[in-house]
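Okay, here's what each chain looks like letter by letter:
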Amino acid sequence: MNLSPGVYVHIDEKPTGAMPIEAIGTSTVAFLGSTAQGTPSKIVRVTSFGEYEKEFGVVKSFNEIDVDYTGHSVKAFFQNGGSEAYVVRLGGDEGSANQEEGESGTDPDPDPNPDPDPNPDPDPNPDPDPNPDPDPNPDPDPDPDPDPDPDPDPSPDDAAGDGTLKEYAEVLNMLEKYDDIDIICLPTQHFSISDGNQNAIIGAAVAHVEKMQNRMLILDPPPETDLADNLTKTTGLPTSPHCVMYYPWVETPNPNYNPDHEDSGPAGVLVPPSGFAAGVWARTDARRGVWKAPAGIQADIYGISRLERMIVDVDQGVLNDIGINCIRNKPGYGTVLWGARTLAVKKAPQWRYVPVRRTAIMLKESIRRGIQWAVFEPNDESLWAALRLNISAFMNGLFSAGAFQGKRASEAYFVRCGLGDTMKQEDIDKGYVIVMVGFAPVKPAEFVLVTIQQLAGQNGGV
């Protein structure tokens, strides 16, 4: 009660429950593959390459065959603009690298008297629970000493103990619970023209992103293969709009190289390009937005000394037609991503461009998470109006940032929700609220055509 003469205004605030919608992150990567050390099948979040090395070991590449592809890929991701990643070690025994390096934290024989075999109660498993999800098969180490000489040049996967199809499938199932993963990379699983098992692992990853519908898979091409001259070798490629491939492999400096030591390995090693591409995606998202194609002269790549093979316009024309993006050297600009297509270029042409597919994912996930407040609200006109207002405000903010085509908002997007428009009475009776959102995507200008006309019969004077 106010006793003093004057004008008083009382505002009765009634919360509607609606909250502003925020755009989700779009560049968190999950790397799956062999690593130098760490707990197999454990999902670890890292926000820097230093955190990666602390958890999974220092990146080491002793020769052209024994290359730490996962380590190099994670390093490339952070070096090129990435800020957050999940890493999962596939295959290998926990702590094996630690034991080899003599690092603390892993003692394979905690008993102070390790020599006597007839221990009255020996622990048959000195690491009783190194894995959160160990294979219950009582044969985790079927061959504890498979080779008396472990040093001969093994293949990269054998050297690091890359995982099986079953292990990859189990980890992919675990990743379904992580809503913040936007990109999947498999650095140790390049597309193969001969290894059916390797393509089976890739197939499991493709099935994962198709099921989730909220993340992309960046695939790696086969090394030492001229795809432009061997298109028949690409017939088994996935055609999913959630899949992208970059070509060719790239050479990066070997951190172990020491010219004074012959056993330090080569000066540079060839590695798959997916980690570099994922980093450029993250940098482009941060600077320009997910709707900007991660390609062009601004999509320069850091940490590359050379390409495995040079790409010319004729090569790119052939590969571009099937959705394989090229990495090229552009004079004056360096090494850049020079393509932004998905592998669905022919199967689903509406999703042929990476930024269009990723923008749609961002919109769907942002709106889904941003309107959780509507659940259990009365399903009537007041709710529908609030949803239209809430989502339109979000879309208008993106339109102002340049995410959509059109001179006016009405040309760039629409938001519809209401009885007789997006819903029937039977939908309402079943508890459904149906909102329709459409947008005009910004598509990259792949082909810039310049027409030059010479005017005949003109005097040369000004």
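Is there a simple way to explain the packing of aromatic side chains in this structure?
The relation between two aromatic rings is expressed through the spacing of the ring centres and the mutual angle of the planes. Evaluation of the coordinates by the stated rule reveals eight aromatic pairs. Aromatic side chains Tyr52 and Phe56 sit 5.2 Å apart centroid to centroid with 25° between the ring planes, which places their arrangement in the stacked category. Pair noted here: Tyr52 and Phe56 are both in helix H1 (residues 49-56), with a separation of four residues, about one helical turn. Tyr52 sits in the buried class, given a relative accessible area of 0%.

How should I be thinking about the packing of helix H9 (residues 354-370) against helix H10 (residues 381-400) in this particular structure?
To describe two helices that pack against each other, one gives the angle between their axes and the distance between the axes. Here H9 crosses H10 at 145°, and the two axes come no closer than 11 Å. Here the hand of the crossing between H9 and H10 comes out right-handed. Here Met362, Leu363, Ser366, Ile367 and Gly370 of H9 come into contact with H10, specifically with Asn390, Ile391, Phe394, Met395 and Leu398. The residue makeup of the contact of H9 with H10, split by class, is seven nonpolar, three polar and no charged.

Any chance you could explain the nonpolar core here in plain terms?
Note that soluble globular proteins tend to have their nonpolar side chains buried in a common cluster. Formed by 40 residues in total, the largest nonpolar core has its most connected members in Phe31, Phe77, Ile218, Tyr246, Trp281 and Leu337. Considering each element in turn, this core owes the most residues, six residues, to helix H7 (residues 274-287). Not counting chain neighbours up to four residues away, the residues in contact with Phe31 comprise Ser73, Val74, Phe77, Ala85, Tyr86, Val87, Val88, Cys185, Pro187 and Gly275.

Looking at this model, I keep getting lost on the layout of surface pockets. Mind explaining?
A probe matching the size of a water molecule, rolled over the atoms, marks out where space remains unfilled. The calculated volume of the second largest pocket comes to roughly 470 Å³. Along the walls of the second largest pocket sit 19 residues, with Trp338, Gly339, Ala445, Glu446 and Phe447 positioned nearest its centre. Of all the secondary structure elements, the ones that give two or more residues to the lining of the second largest pocket are helix H8 (313-320) and strand S11 (334-338). If one sorts the elements of the lining of the second largest pocket by residue count, H8 sits on top with four residues.

Each value, and the rule that gives it
- Residues numbered from 1 in each chain as written.
- Predicted model: local features only at pLDDT ≥ 70, side-chain atom pairs only at ≥ 80, totals over all residues.
- Heavy atoms only, no water.
- Phe/Tyr/Trp six-rings, centres within 6.5 Å; stacked < 30°, edge-to-face > 60°.
- Helix = DSSP H or I, 4+ residues; strand = E, 2+ residues; numbered from the N terminus.
- Buried < 20%, exposed > 50% of the residue type's maximum accessible area, 1.4 Å probe, protein only.
- Axes fitted to C-alpha atoms, helices over the stretch in contact; angles between N-to-C directions.
- Left-handed = near helix turned anticlockwise from the far one by under 90°.
- Contact = heavy atoms within 4.5 Å.
- Nonpolar A, V, L, I, M, F, W, Y, C, P; charged D, E, K, R; others polar.
- Core = buried A, V, L, I, M, F, W, Y, C linked by side-chain atoms within 4.5 Å.
- 1 Å grid on protein atoms, 1.4 Å probe; cavity = no way out; pocket = protein on both sides within 12 Å on 5 of 7 lines; lining within 4 Å.
- Points joined across faces, edges and corners; volume = space filled by probe spheres on them.

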